[in-house]
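Inside the fold
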Amino acid sequence: MEVSRVRALRGPNLWSHDTAVEAIVSCTAQELDIAQLPGFEARLRSLFPQLSPLQPLGNYNAAPMAQVLELAALGLQAQAGCPVTFSRTTPTLETGIFQVVVEYSEEAVGRLALELAQKMCQAALDDAPFDLAGALHQLQELDEDVRLGPSTGAIVNAAVARNIPFRRLTEGSLVTFGWGSKQRKIQAAEMDGTSAIAEAIAQDKELTKKLLDSAGVPVPQGRVVIDADDAWAAACEIGLPVVVKPKDGNQGKGVTVNVTTREQLTAGFIAAQEFRDDILVERYLPGHDFRLLVIGNKMVAAARRDPPQVVGDGQHTVRQLVEQVNLDPRRGSGHATSLTKIRFDDIALASLAKQGYVAESVPPVGQRVILRNNANLSTGGSATDVTVDVHPEVAARAVAAAHMVGLDICGVDVVSEAF
């Protein structure tokens with residue numbers, strides 16, 4: 001079998017409304033009917049038990065190798081967690097030449113699946129081993145690397161639901177919607193009309209706080225510090241407990257909260273310095289962590305974000321409980337998935353120490369163990385929809401905060417005991 005002229009169909013096409021990879025596949029005379037290859041199908045299914053049933057194809061009245069390639073490429077993507085369902089093998093006018101079309105959710109993943117499917121078929125022909133687990137892991141890793149992040153993906157899905165055409169312009173998060181003079185672009189969750197100044201303000205936590213404070217939006221007291229000694233001085237000025245974090249960081253990276261001792265503050269300062277040189281010390285505000293989504297003049301959604309945690313069962317260690325939680329397929333190692341794996345780092349170990357635990361401790365049944373105090377999803381936290389519980393005054397404050405910065409689409413973080 002020879003695969004040639006592989007190309008991506010990046011929109012509605014002759015075969016389907018879905019994106020797909022198309023290839024020209026040449027089969028030898030023997031490969032026109034795999035039933036004529038002794039033991040091939042049995043070996044193939046031992047390598048890939050999830051392979052769909054083979055059906056006679058067109059005038060051949062047999063299942064050719066090209067169809068095996070098609071179903072294997074689709075099946076590998078499906079087993080790797082990609083939302084694909086369509087594939088097709090069509091004979092051409094030339095004997096032994098087929099057009100194979102396989103849907104993909106990410107082009108690079110579709111192309112790789114086709115390559116791996118060809119290797120699997122060859123392994124079955126040669127009665128050689130094939131690392132299915134490794135192939136699926138390779139596809140999953142690539143899918144996580146190249147697919148749109150949760151925010152951008154949610155916007156694209158909303159556009160698809162409204163029959164708005166979209167096209168991904170780069171390997172990053174730059175996407176265009178519509179065609180011609182009416183098309184619009186987004187970059188992650190930013191619109192083509194988002195002010196560069198507003199973006200710069202939002203990335204500067206200290207400047208953002210000044211603007212929000214001037215608009216009457218409650219913000220925690222704090223200041224930028226130059227070293228660990230200055231950080232302790234700031235903490236004493238503000239009053240313990242405090243929060244230590246990078247001045248212009250994101251996704252909860254390098255954030256240490258509820259700092260009550262100088263030792264904890266020094267460790268938090270060092271953790272924050274791994275991400276930025278400018279470090280911010282702020283008053284710690286107790287309460288739940290909420291994220292409010294503002295679009296235009298309206299708060300459209302809200303979520304309560306809970307810190308990464310495990311619940312003791314009296315048998316497993318904290319580390320083993322974390323490993324069990326991380327088996328959730330929704331949890332990935334990056335920010336591209338809806339949830340992120342809980343990780344053991346200095347911040348997590350310090351959080352355990354505050355509760356009298358180490359990684360190998362066995363917590364009692366029902367005991368909640370917090371792995372870090374900040375609740376960012378990108379550091380292993382989880383979220384619960386609380387949109388209907390938000391008080392109108394709180395929603396109005398969130399809209400005012402977004403307008404003060406100048407953002408059309410904005411996530412506003414609120415710390416509160418309740419809404």
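In short, a report on the structure. Each residue is numbered by its place in its chain's sequence as written, counting from 1. Under the rules for a predicted model, residues below a pLDDT of 70 receive no local features and side-chain atom pairs below 80 are neither given nor counted, while totals for whole chains, interfaces and linings still include all residues. Hydrogens and water molecules were not included; the side-chain quantities draw on all heavy atoms of the structure.

Observations regarding the packing of helix α1 (residues 40-47) against helix α3 (residues 107-126)
For helices, the fitted axis covers only the stretch in contact; all axes are lines through C-alpha atoms, and the angles between them, taken along N-to-C directions, range from 0 to 180 degrees. Segments assigned H or I by DSSP are reported as helices when at least four residues long, segments assigned E as strands when at least two residues long, and all are numbered from the N terminus. Axis separation between α1 and α3 bottoms out at 8 Å; the angle between their running directions is 130°. Judged by the angle between their axes, α1 and α3 are oblique. As α1 packs across α3, the resulting crossing turns out to be right-handed. Two secondary-structure elements touch here, α1 through Phe-40, Arg-43, Leu-44 and Leu-47 and α3 through Met-120, Cys-121, Ala-123, Ala-124 and Leu-125. Reported orientations rely on four angle classes, namely roughly parallel under 35 degrees, roughly antiparallel over 145, roughly perpendicular from 65 to 115, and oblique for the rest. Take the far helix as the reference: if the near one is turned anticlockwise from it by less than a right angle, the crossing is left-handed, and if turned clockwise, right-handed. Contacts were defined at the residue level, with two residues in contact if any of their heavy atoms lie within 4.5 Å.

As for the sheet that holds strand β1 (residues 2-9)
Here we have 4 strands laid out as an open sheet, ordered β1-β2-β4-β3, and antiparallel in their pairing. Edge positions in the sheet fall to β1 and β3 (87-91), since each of these pairs with one other strand and no more. If you compare each strand with its neighbour and ignore which way they point, the axes differ by 20° on average. Packed onto the sheet, helix α2 (residues 65-79) meets β1, β2 (20-26), β3 and β4 (97-103) and runs at close to 10° relative to β4. Across the sheet, α3 lies against β1 and β2, angled at about 165° from β1, the strand it touches most. Note on pairing: two strands pair once DSSP finds at least 2 bridges between them.

Side note on the pattern of salt bridges
Close approach of charged atoms allows side chains of opposite charge to pair. Within this document, salt bridges are pairs made up of a side-chain nitrogen of Lys or Arg and a carboxyl oxygen of Asp or Glu, the two lying within 4 Å of each other. What the rule picks out here adds up to 21 salt bridges. Measuring nitrogen to oxygen at the nearest pair gives 2.6 Å for the salt bridge that ties Arg-7 to Glu-22. With Arg-7 in strand β1 and Glu-22 in strand β2, the pair connects residues that are 15 residues apart, well separated along the chain. For Glu-22, a relative accessible area of 5% translates into the label buried. Residue Glu-282 is joined to Lys-245 by a salt bridge in which the shortest nitrogen-to-oxygen separation is 3.1 Å. For every residue, the accessible area obtained with a 1.4 Å probe (protein chains only) is divided by the maximum for its type, and the residue is called buried under 20%, exposed over 50%, and partly exposed between those limits.

Considerations on the nonpolar core
Inside soluble globular proteins, nonpolar side chains tend to come together where they are buried. In this structure, Phe-40, Met-65, Val-68, Leu-76, Met-120 and Leu-139 are the most contacted members of the largest nonpolar core, which totals 47 residues. Among the secondary structure elements, those contributing two or more residues to this core are β2, α1, α2, β4, α3 and α4 (132-146). Per-element accounting of this core gives the leading share, 10 residues, to α3. Only buried residues count toward a nonpolar core. Its members are Ala, Val, Leu, Ile, Met, Phe, Trp, Tyr and Cys residues joined through side-chain atoms within 4.5 Å. Val-294, Ala-302, Ala-402 and Leu-407 belong to the second-largest nonpolar core, a separate cluster that totals 21 residues.

A word on the pairing of strand β13 (residues 288-295)
Pairing of β13 with strand β20 (residues 409-416) involves 8 bridges; the strand directions are antiparallel. When the bridges of β20 are listed, Leu-292 appears paired with Val-412. In the sheet, β13 pairs with strand β14 (residues 298-306) via 7 bridges, with the strands oriented antiparallel. Paired with Ile-295 across the two strands is Lys-298, which belongs to β14. Where β13 folds back on β14, the antiparallel hairpin that results is connected by 2 residues, among which Gly-296 adopts a positive phi of roughly 65°.

Details of helix α5 (residues 150-161)
Expected span of a helix, by definition, is 1.5 Å for each gap between consecutive residues, and there is one gap fewer than residues. Over its 12 residues, α5 runs 16 Å from end to end, which matches the ideal 16 Å to within 8%, given 1.5 Å per residue. Every buried residue of α5 is accounted for by Thr-152, Gly-153, Val-156 and Ala-159. Looking straight down α5, one finds its buried side chains confined to an arc of 120°; they lie on one side. Opposite the buried face of α5, by more than 90 degrees, sit the exposed residues Asn-157 and Ala-161. Looking at the buried positions of α5, the neighbouring elements they touch are β5 (166-168), β6 (174-177) and β7 (184-187). Directions from the helix axis toward the C-beta atoms define the arc.

Structural notes on the environment of Pro-83
Relative to the assigned elements, Pro-83 resides in the loop between α2 and β3. On a C-alpha basis, the gap between Pro-83 and Tyr-104 in space is 8.0 Å, while along the polypeptide they are 21 residues apart.

Here we look at a nonpolar patch on the surface
By definition, no residue in a patch forms a salt bridge, and every one has over 30% relative accessible area; like charges are joined within 9 Å, nonpolar side chains (Val, Leu, Ile, Met, Phe, Trp, Tyr) within 5 Å. Per-residue and other accessible areas follow the Shrake-Rupley method at a 1.4 Å probe size, with only the shown protein chains counted as cover for residues. A cluster of nonpolar side chains, contributed by Leu-293, Ile-295 and Val-300, occupies part of the molecular surface with about 200 Å² of accessible area. Position of Val-300 among the secondary structure elements: in strand β14. Taking relative accessible area as the criterion, Val-300 reaches 36% and is therefore assigned partly exposed.

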